[in-house]
Amino acid sequence: MLESLDSQFSILNLVDNEFVPPKSNSYLDDIGPATGATIARVPDSDGRDVDAAVAAAQRAFQAWSRTPAEARSRLLLGLADLIERDADELARIESLDNGKTVKLARAMDIPRAVANFRFFATAILHDSSEAHLTNDAALNYTLHQPIGVAGLISPWNLPLYLLTWKIAPAIASGNCCVAKPSELTPLTAHRLAELVVEAGIPPGVVNIVHGLGPKVGDALTAHPGVPIISFTGGTETGAAVMRNAGPLFKKVSLELGGKNPNVVFADADFDEAVATSMRSSFANQGEICLCGSRIFVERPIFDRFLEAFVAKTRALRVGDPSDDATDVGALVSSAHLAKVSGYLGIAREEGEVLCGGGRPANLPDRLRGGYYLEPAVVRSDRTDCRVMQEEIFGPVVTLTPFDDEAQVVAWANGTRYGLSASLWTRDLERAHRVAAALRAGTVWVNTWLLRDLRVPFGGVGDSGVGREGGRESLRFFTEAKNVCVKMGERR
Ligand code: TXE
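Residues numbered from 1 in each chain as written. Predicted model: local features only at pLDDT ≥ 70, side-chain atom pairs only at ≥ 80, totals over all residues. Heavy atoms only, no water.

Outline helix 13 (residues 405-412), listing residues and values.
Within helix 13, burial applies to V408, V409 and A412. The buried residues of helix 13 occupy an angular sector of 100 degrees when projected down its axis, which confines them to one face. Against strand 12 (261-264), strand 13 (294-298), strand 16 (396-402) and helix 14 (428-437) lie the buried residues of helix 13. One side-chain oxygen of the residue at the start of helix 13 lies 3.1 Å from the amide nitrogen of A406, identifying that residue as D404. (Buried < 20%, exposed > 50% of the residue type's maximum accessible area, 1.4 Å probe, protein only. Helix = DSSP H or I, 4+ residues; strand = E, 2+ residues; numbered from the N terminus. Arc of directions from axis to C-beta. Contact = heavy atoms within 4.5 Å. Polar contact = N/O pair within 3.5 Å; in protein donor to acceptor, adjacent residues only side chain to side chain.)

Please provide a residue-by-residue account of the pairing of strand 4 (residues 37-43), values included.
Note: strand 3 (residues 27-32) against strand 4, 6 bridges, orientation antiparallel. Among the inter-strand pairings, Y27 is bridged to a residue of strand 4, identified as P43. Taking the residues between adjacent antiparallel strands as the criterion, strand 3 and strand 4 are bridged by 4 residues, where G36 takes a positive phi near 80 degrees. (Pairing = 2+ DSSP bridges.)

Residue-level account of the sheet that holds strand 17 (residues 420-424), with values.
Taken together, 7 strands build an open sheet; the order of strands is 14-15-16-13-12-17-18 and the sheet is mixed. Sheet topology places strand 14 (352-355) and strand 18 (442-445) at the edges, where each strand pairs with a single neighbour. Direction aside, neighbouring strands of the sheet carry axes that sit 25 degrees apart on average. Pairing of strand 12 with strand 13 involves 4 bridges; the strand directions are parallel. Looking at strand 13, one finds that N262 is bridged to I295. Sitting on the sheet, helix 11 (residues 334-350) touches strand 14, strand 15 (376-379) and strand 16, and the angle it makes with strand 14 is about 115 degrees. (Axes fitted to C-alpha atoms, helices over the stretch in contact; angles between N-to-C directions.)

Which residues make up the site of the ligand, and what values do they have?
Taken together, 25 residues surround the ligand, and among them W156, E183, T237, K339 and E391 come closest. Between the ligand and the protein, one listed contact pairs an oxygen atom with a side-chain N or O atom of K180 at 2.9 Å. In the environment of the ligand, an oxygen atom lies 2.8 Å from a nitrogen or oxygen atom belonging to the side chain of T237. In isolation the ligand offers 800 Å² of accessible surface; the protein chains occlude 85% of this area. Assessed atom by atom at 2 Å from the grid points, the ligand resides in the largest pocket. (Near = heavy atom within 4 Å. Areas by Shrake-Rupley, 256 points an atom, 1.4 Å probe, with all protein chains shown as cover. 1 Å grid on protein atoms, 1.4 Å probe; cavity = no way out; pocket = protein on both sides within 12 Å on 5 of 7 lines; lining within 4 Å. Sits in = over half its atoms within 2 Å of the grid points.)

I'd like to hear about the layout of surface pockets, residue by residue, with values.
Empty space among the atoms becomes visible once a probe the size of a water molecule is rolled across them. Considered as a void within the structure, the largest pocket measures approximately 910 Å³ in volume. Taken together, 39 residues form the lining of the largest pocket, with W156, F231, G233, G234 and T237 sitting closest to its centre. Looking at the lining of the largest pocket, the element that brings in the most residues is helix 8 (residues 235-245), giving 6 residues. When grouped by side-chain class, the residues that make up the lining of the largest pocket number 15 nonpolar, 15 polar and 9 charged. Counting contributing residues, the lining of the largest pocket receives three or more from each of domain 1 (2-256 + 459-481) and domain 2 (261-445). Approximately 550 Å³ is the volume attributed to the second largest pocket. Every residue lining the second largest pocket is counted, 22 residues in all, and those nearest its centre are L104, M108, R279, A283 and W448. Of all elements in the fold, only helix 4 (102-126) and helix 9 (270-282) reach the threshold of two or more residues within the lining of the second largest pocket. (Points joined across faces, edges and corners; volume = space filled by probe spheres on them. Nonpolar A, V, L, I, M, F, W, Y, C, P; charged D, E, K, R; others polar. Domains from an automatic or database assignment.)

Mind laying out the pattern of salt bridges, listing which residues take part and the relevant values?
Following the criterion strictly, the structure yields 30 salt bridges and no others. Of the charged contacts in the structure, one is a salt bridge between D109 and K100, with a shortest N-O distance of 2.5 Å. Taking the shortest distance from any N to any O, the salt bridge between D452 and R454 comes out at 2.7 Å. Using a relative accessible area of 28% as the deciding quantity, one classes D452 as partly exposed. Shared partners join several salt bridges into a network, and the residues in it are R85, D86, E89, R191, E194 and E198. (Salt bridge = Lys/Arg side-chain N within 4 Å of Asp/Glu carboxyl O.)

Describe the environment of R386, and please don't skip the residues or the numbers.
Inspection of the secondary structure puts R386 in helix 12 (residues 386-389). Looking at R386, the relative accessible area reads 40%, which means it is partly exposed. Taking the C-alpha atoms as reference, R386 lies 7.6 Å from I346; in sequence the two are 40 residues apart. There is a polar contact of 2.8 Å between the side chain of R386 and the side chain of E390.

Tell me what's going on with the domain arrangement of the protein chain, and back it up with residues and numbers.
Along its sequence, the protein chain is organised into domain 1 (2-256 + 459-481) and domain 2 (261-445). With 29 residues of domain 1 in contact, the opposing surface of domain 2 contributes 31 residues. In this structure, the connection of domain 1 to domain 2 is made through 3 salt bridges. In this structure, the salt-bridge partner of D327 is K103, at a minimum N-O distance of 4.0 Å.

For the state of the cysteines, give the residues involved together with the corresponding values.
Tallied over the entire structure, the rule returns 0 disulfides. With no disulfide partner, C177 has as its closest neighbouring cysteine sulfur the one in C176, 7.5 Å distant. When its relative accessible area of 0% is taken as the criterion, C177 is described as buried. Not engaged in a disulfide, the cysteine C385 finds its nearest cysteine sulfur in C355; these two sulfurs lie 17 Å apart. (Disulfide = S-S within 2.5 Å.)

Listed below in structure tokens is the structure:
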């Protein structure tokens, strides 16, 4: 259905496995970043739509929470198969909506959505809980019970990848959910809704309400019938979510922004450090919360690194996201392009822009209205300036020389964020020492974005609260209950 997108095509909300228009009957334009043209219309939903979706989820919870794990698992595996069947179409839609290259969506976003469902569908079959014998007089065991309706709010940078990262563990654990995808990238969520129905997931288990954050997101996080909230997005928005959820004592997981350090010691594998740093700087147009946006390079190799890195950056092909020869597609919106470009203005005052930052020349006419930016490398010897402290979330990276380990650890840890970090060295002792010292939820050594879905994932400081992934997700989406059984007198 989405194959023939045009500006008049309206997506709908999913409530009780029915596709329904928003109560307001009004729609927002969904703009395609590659061209700047309207590609579809998105429901401009409000609190009334959230109320209806929560009511549907509450009704479904009665049966879904009692459905045996094996049956839930089979349904989720079926949904994963359908996503895989439609992977090509989903990759193209994701690219159209977000501006990322089809190549990347095909290699990363869509396979990961499949993996999210498969992982949690099987994780619930292998999970176990604790039991404690107390002085041989009592048996304590722990039940991990689903909580009810989960409110799931996801961003625009990895739309289907992050939406399914929330839906899969929520419903695998026996909860029902109301999901709110980003209003900027709603299309793969709509296609997922169709696959949810096709997969035979019972009505009300997955509900999707489209619309603006301050309307739909706000209503969802403030709803008394939604005791659990999983949010991924900007730090400021995370604070707004907390303001709503706090007084209602909701269980909350927040995955927020990052300003991740990438520390390259002089003994690192030079070529691999350069090549992977290119990816960690510019993959997905730099719009990944895990991107290493601050590169620190030890002084003896700094000049060589800078020269190689700038040359490779200049060689990146920016343009048509549907062309497999393209490395960097379009930024998600004109507002985001303006924000990122604004930081380049600041960078010119604070440091030196070594390359990039302009609009690519020779864009074909068809793409003239799109949101393209040449990837930029900024040299900055100061670490307290705005470009090195604030999340830019675009194809902009800083390069800074350092002289010793203590100095670089202090700089790496010197922001309000703490999501992830990479470090490059062949010295094993130093790798462990620095990994332990870095203030981050994830530290990669000699690699980047190598993900295992079992590991705890999340950040510290302004990068968020709580952990998801593997057992952490299963624990987050359930409530632990201790049952204490007296065993009677010993004979
Ligand atoms: O995200 P928002 P924005 C960072 C990045 C970016 C900045 C702002 O630095 O430049 O955040 O991006 C919903 N109550 N990241 O403004 O608004 C919104 O509709 C409840 C990092 O585009 O945080 C969307 O579904 N929900 C990040 C989701 O929140 C609200 C990914 C995220 O959008 C809401 C994206 C409200 N009051 C941006 N207001 C990451 N960590 O990966 C908005 N939303």
